[in-house]
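So you can see what is in the structure, the chains are spelled out below.
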Amino acid sequence: MKRIVLTGGPCAGKTTALVKIIEHFSSLGYKVFIIPEVPTLFSQAGMDYLTDNYAFFYEGEKATLEMQIALEDKFTRIAETIEEPTIIVCDRGTMDISAYMKPAMWQDITSALSTDSERLRTRYDAVLHLVSAADGAEQFYTTATNAERTEGLELARELDKKVISAWSEHPRLRVINNHENFDTKINRVLQEISNVLEIPQQVIEERKYIVRLIGDIPGAIESDIKQTYLTSEPRSEVRLRRRTLNGISVNVRTTKKTLPTNEQVETERQIDNNLYESLMRQADPYRYSIHKIRKTFIWRGQFFELDRYLEPISNLQILETKGIVDHEDVNFPPFLEVLEDITGKTEYYNYNLALKR
């Protein structure tokens, strides 16, 4: 059983994606449960999330979080009663609620419910964020498809980034770009869920560029990453990654296995500090650990990761696109200067950059 959040900014395509998820994975033998978007249910029932009444807003948001948790827990128990493999897809999750209030109120609400942001994130195996059409696909942005939606373009973009920030500490957050063809966006959702379910996928090579940063990155999320490779079998790669964001560290063990068909199975597991330290004893003696600073951001509807390497090399910055298909152009932002396209150049893979010479 896997529990997945499907989230995103306004007018991102979640409704269509949910229909496709049900159709696709039901045909593969999975039982798919969809948890409805709780804030929309509350709005339809009379909750006013734009109220100036602090007590009313507080109790409404607290009840929204309580209902979200309760629905997820109830359907988890239902799923445990059936034999077929199960996917629980949440139309938005617990952390989405935090994006619509000040941090102090979120702290008060989670404390009142005896929980916190870290525990709420660990409820899910993956989080898929669909970028709002307000960012990079403005011609498709509309409020007509949802009576509860009142955002203009600028507010929609701001909410999009707030939601990503709320989930940014989840080890398996995947941001789904806008595309020229909306079907491409939906197919990317299906691919990412297939990865979570460990269904073999064709290897998709993201585009990579050596760049120079020549300006500030608006709205970037910065994290510190330490990555160590472990000894592994042929055609397999095992790595430990410790990502520190806002003072909180998350450890992830990733295994990549390439099948004879050139399909790839990738498994990611979040692990505690004790297991992390134990596994570090299996570090590949022929490779250094990699230390880098990562900045993630959206520019014109496309998601990017910019890595600035600190060890074992320095003076190297690599920009990686996420989810841009072959025929699409990359929307390079003006605060970056592209020095070299290194897509497919294996010497720039982290696995090889870590190699002791």
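Look up: the structure comes first, before these words.
Residues numbered from 1 in each chain as written. Predicted model: local features only at pLDDT ≥ 70, side-chain atom pairs only at ≥ 80, totals over all residues. Heavy atoms only, no water.

A look at the nonpolar core
- Core analysis: the biggest nonpolar cluster contains 35 residues, and Leu65, Met101, Trp106, Trp167 and Val175 have the highest contact counts within it.
- Elements with a contribution of two residues or more to this core: strand S2 (31–35), helix H2 (38–45), helix H3 (54–79), strand S3 (86–91), helix H4 (103–112), helix H6 (153–167) and strand S5 (173–176).
- At six residues, H3 tops the list of elements feeding residues into this core.
- Ignoring anything within four residues of it in the chain, the contact list for Trp106 reads Leu65, Thr94, Met95, Ile97, Ser98, Met101, Ser117 and Leu120.
- Grouped together as the second largest cluster of nonpolar side chains are 20 residues, Ile4, Val32, Ile87 and Leu128 included. (Core = buried A, V, L, I, M, F, W, Y, C linked by side-chain atoms within 4.5 Å. Buried < 20%, exposed > 50% of the residue type's maximum accessible area, 1.4 Å probe, protein only. Helix = DSSP H or I, 4+ residues; strand = E, 2+ residues; numbered from the N terminus. Contact = heavy atoms within 4.5 Å.)

A look at the pattern of salt bridges
- Per the counting criterion, the structure on display carries 24 salt bridges.
- In this structure, the salt-bridge partner of Glu192 is Arg174, at a minimum N-O distance of 3.7 Å. With Glu192 in helix H7 (residues 182–196) and Arg174 in strand S5, this residue pair connects regions lying 18 residues apart in the sequence.
- Under the relative-accessibility criterion, Glu192 is labelled buried at 10%.
- Judged by relative accessible area, which is 18%, Arg174 ranks as buried.
- It is possible to trace a salt-bridge network through shared partners that takes in Lys14, Glu37, Asp91, Arg92 and Asp96. (Salt bridge = Lys/Arg side-chain N within 4 Å of Asp/Glu carboxyl O.)

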